[in-house]
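# What the coordinates show
Below are the chains, spelled out letter by letter.
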Amino acid sequence: AAWSRRAGLLAALLVASGPPFVIEAGNLVSVSIALFLLTWATALWLERIDRPDWRLMAATGGLLGIGALTRSVFLGVLAIPLTHLLLTLGWRERAWGRLLRYGSVLVVCFLLTLAPWTLYNFVQWDRLTLTGAGLMGTRYVGEAGWKDPQAGDDELLGRFLVLFDR
């Protein structure tokens, strides 16, 4: 049922009517790339999870890692397949060895995907960061609300300068 024509048309309708895709219809933005990677990883996971192997874990970890490089808010998405493994292999099947092996491959491939960017940041900026600064920027916009870039910079600068006026 997951790969039927009806499911595909419904998915296409949902994506085509989504606000990010309507607003940015003519532009290739990082959200669309990250959502594509997340959808690909999810489809692969759902198609093959009934017979898991190291290739599934490596592919899923790599796709989620590239997605996290594209949009840093996707760093936490790795918890979803790990939780699924824990519930199925760990809790239900009591296959702790397989859980440890598959979970390790998933995490290692995820981190190996992030490694080049992390090393670049360390060499260039003398900082160890998994992705760019987008996660904190996204958090700030979530708390303060969206403003145009200049207004957001002015507000941040004003808050920063207040710290030194005391």
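Since the structure is predicted, the reported quantities are computational estimates derived from the model, not experimental observations.

This part takes up the packing of helix 4 (residues 54–70) against helix 6 (residues 96–125). Packing of helix 4 against helix 6 brings their axes to within 7 Å, and their N-to-C directions diverge by 35°. Between helix 4 and helix 6 lies a crossing whose hand is right-handed. Two secondary-structure elements touch here, helix 4 through W54, M57, A58, T60, G61, G62, L64, G65, I66, A68 and L69 and helix 6 through Y102, V105, L106, C109, F110, T113, L114 and W117. The residue inventory of the contact of helix 4 with helix 6, partitioned by class, reads 14 nonpolar, five polar and no charged.

Scanning the entire structure with this criterion turns up five salt bridges. When the shortest N-O distance is used, the salt bridge between R48 and D53 registers 3.0 Å. Residue E93 is joined to R98 by a salt bridge in which the shortest nitrogen-to-oxygen separation is 3.7 Å. Exposure remark for E93: the relative accessible area of 40% places this residue in the partly exposed category. Each of R48, D53 and R55 takes part in salt bridges that share partners, so that together they form one network.

Conventions adopted
Residues numbered from 1 in each chain as written. Predicted model: local features only at pLDDT ≥ 70, side-chain atom pairs only at ≥ 80, totals over all residues. Heavy atoms only, no water. Axes fitted to C-alpha atoms, helices over the stretch in contact; angles between N-to-C directions. Helix = DSSP H or I, 4+ residues; strand = E, 2+ residues; numbered from the N terminus. Left-handed = near helix turned anticlockwise from the far one by under 90°. Contact = heavy atoms within 4.5 Å. Nonpolar A, V, L, I, M, F, W, Y, C, P; charged D, E, K, R; others polar. Salt bridge = Lys/Arg side-chain N within 4 Å of Asp/Glu carboxyl O. Buried < 20%, exposed > 50% of the residue type's maximum accessible area, 1.4 Å probe, protein only.

Treat this as a map of the structure, not an account of what it does.
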